[in-house]
Every structure is written in structure tokens, then in C-alpha cells.
Amino acid sequence: MKIVLLEGSPHKNGASNTLARAFAKGAQKNGHTVTELDIAHMRINPCMGCASGWGEQPCVLKDDMEGVRKEILQSDMLVFVTPIYFYGLSGQMKILIDRFHCFSSQLKAKRVKSALIASAWRTDSEVMHYIEDYYLGLSRYLGFRDSGMILGYGCGTAELARVSHYAQEAFRFGKSL
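So, here's what we can say about the structure. Keep in mind that this is a model prediction, so the values were computed, not measured. (Residues numbered from 1 in each chain as written. Predicted model: local features only at pLDDT ≥ 70, side-chain atom pairs only at ≥ 80, totals over all residues. Heavy atoms only, no water.)

## Section: the side chain of Asp 38
1) Next: Mapping Asp 38 onto the fold places it in the loop between strand E2 (33–37) and helix H2 (65–73).
2) Next: By relative accessible area, Asp 38 is classed as buried at 18%.
3) Next: For Asp 38, the contacting residues outside a window of four places in its chain are Glu 7, Ser 9 and Lys 12. (Helix = DSSP H or I, 4+ residues; strand = E, 2+ residues; numbered from the N terminus. Buried < 20%, exposed > 50% of the residue type's maximum accessible area, 1.4 Å probe, protein only. Contact = heavy atoms within 4.5 Å.)

In C-alpha cells, the structure reads:
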């Protein structure tokens, strides 16, 4: 299976990416191919809502999204990786998801597996509530087959994530695929 990690953290070695790498190690141990796309550091412009890409026409924006789109459409599983900022996903991840507009019917037809890996400083249950709802709604709309979530409460730094039980859970999750 080809798995694409869509990493939306502005911190290349931050907590959410630390959990994602644990997931990747588990998946690779089980023979899967894992591609990490550091979308937070790519040049992906915000969707303009121009509808030029409606009906699967190429997007008018010329940036790194074309390569990301190709990787996504060649994948069997997408893993959304994001820190929690003000009860939501990172702005970089939101920009990426908005750009799905131009190829949403292709995404729907693929019925890829999906997962969410998120990290937050806070430890209370409310902090992840909105991201869970958003991810599950997005998955339903695009026809993704949700495989699960790793929600790293109290993982505000890479070190906190690394020593948490969430890193082991992420590894086991990846290995279980």
C-alpha cells in the first residue's frame, strides 16, 4: 500500500511530525511505502474560489500543488498530520484541503483510506473535539475510508510526543495496516 503523509506543521521536527514518523516506521515495518510531504513548507497558494478548476480542469494557480495532487491520486492512504492551533488544524493544512476542490471527484472515486494524526499542548478532551468532527466530515464528503486517529494530548513539543504513549500508539497503528 502507498501511504502519503500530509504534514501541515510549520515545525519540521515538531510534535505532530514526530508522531507521524512513528506511524511511518510501523507502516514500513509491515511492508508499506510511505511518502512524507512537508506541505507546510511547500509553495501552496490559497484557493481563490474562481471555479476555473470545477469539473476537474487544471487549477489556474501554478505552485507545488500539482505535484502534491499527483502523489495524492497515486496513493492508497492519506494521513493528515497537524498540530492543533486554536481548536483547529494548521492554516497550512487548511490551505491544502481547500485546494482539493479541483480534483474532489477524482478523490471521491478513489475511496482511499485515511487517518488523522494531531498533537496539542492541552490535555483536556475539548481540545480535539473540533478537529475530529472536521476530519470525519471531510472523510465522509470525499468518500475516504477512515482508518483511525492518533490524537496526541499534551504533546506540545517533539520531546513530549516522543516520550508519550502516543508515539507507541502511532507505531502500532502504522504496523497494523
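## Details of the layout of surface pockets
1) Next: Computed from the structure, the largest pocket encloses a volume of approximately 200 Å³.
2) Next: If you trace the largest pocket, you find 14 residues lining it, with Gln 57, Pro 58, Cys 59, Glu 66 and Arg 69 closest to the centre.
3) Next: Across the lining of the largest pocket, the residue classes break down as six nonpolar, two polar and six charged.
4) Next: One number sums up the size of the second largest pocket: a volume of about 160 Å³.
5) Next: Lining the second largest pocket are 13 residues, with Ala 15, Pro 83, Tyr 85, Ser 119 and Gly 156 sitting closest to its centre.
6) Next: A breakdown of the residues in the lining of the second largest pocket according to their chemical character gives seven nonpolar, six polar and no charged. (1 Å grid on protein atoms, 1.4 Å probe; cavity = no way out; pocket = protein on both sides within 12 Å on 5 of 7 lines; lining within 4 Å. Points joined across faces, edges and corners; volume = space filled by probe spheres on them. Nonpolar A, V, L, I, M, F, W, Y, C, P; charged D, E, K, R; others polar.)

## Regarding empty space enclosed by the protein
1) Next: As enumerated under the stated definition, the model contains two cavities of 30 Å³ or more in all.
2) Next: Looking at the second largest cavity, its volume works out to about 50 Å³.
3) Next: Surrounding the second largest cavity, Phe 80, Thr 82, Leu 89, Met 93, Ile 97, Leu 116, Ile 131, Tyr 134, Tyr 135 and Leu 138 form its lining.
4) Next: Going through the elements one at a time, strand E3 (77–83), helix H3 (91–98) and helix H5 (126–142) are the ones with two or more residues in the lining of the second largest cavity.
5) Next: Its residues assigned to classes, the lining of the second largest cavity shows nine nonpolar, one polar and no charged.

## Some details on helix H7 (residues 165–176)
1) Next: Between its first and last C-alpha, H7 extends 16 Å over twelve residues, near the 16 Å set by a 1.5 Å rise per residue.
2) Next: Along H7, the positions that sit buried rather than exposed are Tyr 166, Ala 167, Ala 170, Phe 173 and Gly 174. In a view along the axis of H7, the buried residues occupy a sector of 120°, so they form one face of it. Turned more than 90 degrees from where H7 packs its buried face, Arg 172 and Ser 176 sit exposed.
3) Next: On the buried face of H7, the contacting elements are helix H1 (15–29), strand E4 (113–119), strand E5 (145–152) and helix H6 (158–163).
4) Next: The N-cap of H7, judged by a side-chain oxygen 3.1 Å from the amide nitrogen of Tyr 166 a few residues on, is Ser 164. (Expected span 1.5 Å × (residues − 1). Arc of directions from axis to C-beta. Polar contact = N/O pair within 3.5 Å; in protein donor to acceptor, adjacent residues only side chain to side chain.)

## Focus: the nonpolar core
1) Next: With 31 residues, the main nonpolar core has Leu 6, Val 68, Phe 80, Leu 96 and Phe 100 as its most contacted residues.
2) Next: Taken together, the elements giving at least two residues each to this core come down to strand E1 (2–7), H2, E3, H3, E4 and H5.
3) Next: Among the elements that take part in this core, H5 stands out by supplying six residues, more than any other.
4) Next: Leave out the neighbours within four places in its chain, and Phe 100 touches Leu 6, Met 65, Ile 72, Phe 80, Leu 107 and Leu 142.
5) Next: Ile 3, Ala 115, Ala 170 and Phe 173 belong to the second-largest nonpolar core, a separate cluster that totals 23 residues. (Core = buried A, V, L, I, M, F, W, Y, C linked by side-chain atoms within 4.5 Å.)

## Things to note about H3
1) Next: Those residues of H3 lying buried are Met 93, Leu 96 and Ile 97. All buried residues of H3 fall inside an arc of 95° around its axis, so they share one side.
2) Next: Residues of H3 that are buried sit in contact with E1, H2, E3 and H5.

## Focus: the packing of aromatic side chains
Here a ring pair, both rings aromatic, is described through the centre-centre distance and the interplanar angle of the planes.
1) Next: Scanning the entire structure with this criterion turns up six aromatic pairs.
2) Next: Aromatic side chains Tyr 87 and Tyr 130 sit 5.7 Å apart centroid to centroid with 90° between the ring planes, which places their arrangement in the edge-to-face category. Taken together, the positions of Tyr 87 in the loop between E3 and H3 and Tyr 130 in helix H5 put the pair 43 residues apart, joining distant regions of the chain.
3) Next: Sitting above the plane of the Tyr 141 ring, Lys 108 keeps its charged end 3.9 Å from the centroid. (Phe/Tyr/Trp six-rings, centres within 6.5 Å; stacked < 30°, edge-to-face > 60°. Lys NZ or Arg CZ within 6 Å of the ring centre and 35° of its normal.)

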